[in-house]
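# Notes for the structure review
What follows is the residue order along each chain.
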Amino acid sequence: PEVLELLADGEPAPEPSTAHAEVRSVTDGLEPAARQVLDALPVRAWADVASLTRVAGVSARQARGALGVLEVTGLADRHGDRWRRSRVVTGRRDG
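Reference entry: report on the structure contained in this document. (Residues numbered from 1 in each chain as written. Predicted model: local features only at pLDDT ≥ 70, side-chain atom pairs only at ≥ 80, totals over all residues. Heavy atoms only, no water.)

### Thoughts on the pairing of strand 2 (residues 76-79)
Which entries qualify depends on this criterion: When DSSP finds at least two bridges between two strands, those strands are taken to pair. Runs of H or I in DSSP of at least four residues are treated as helices and runs of E of at least two as strands, each being numbered from the N terminus.
Note that strand 2 and strand 3 (residues 82-85) share four bridges and pair antiparallel. Each bridged residue has a counterpart across the sheet, and for D77 the counterpart in strand 3 is R84. Connecting strand 2 to the next strand, strand 3, in antiparallel fashion are two residues, including G80 with a positive phi near 65°.

### As for the sheet that holds strand 3
Spatially, three strands are ordered 1-3-2 in an open sheet, and the strand pairing comes out antiparallel. A strand with exactly one partner marks an edge of an open sheet, and here the two such strands are strand 1 (47-48) and strand 2.

### Details of the side chain of D77
Rules: In protein, a polar contact requires one atom able to donate a hydrogen and another able to accept it; more generally it is a pair of N or O atoms within 3.5 Å, and residues adjacent in sequence count only if both atoms are side-chain atoms.
You can see D77 is positioned in strand 2. For D77, the side chain forms a polar contact with the side chain of S86, separated by 3.0 Å.

Everything listed is a geometric property; what it means functionally is a separate question.
The structure is reproduced here in structure tokens:
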């Protein structure tokens, strides 16, 4: 018998994958272009698509697509034709 089973009064030990909570990042599941655009987004100032395209090293089409994804997921805020990184604090948006 495993040591954990002995300590748990004969109960089966939990599987390693369920024994620990899975730690996830807000960027998990994002496409590379979306991660690049997110990294290029300023936190305080607002940036236009042309500026983000230069900083992120992606095409304007990729930047616009990524911004749409980032907005829907709550990672980017839009003001007219300008964008910035959302201010996310402990799971809530702080704007």
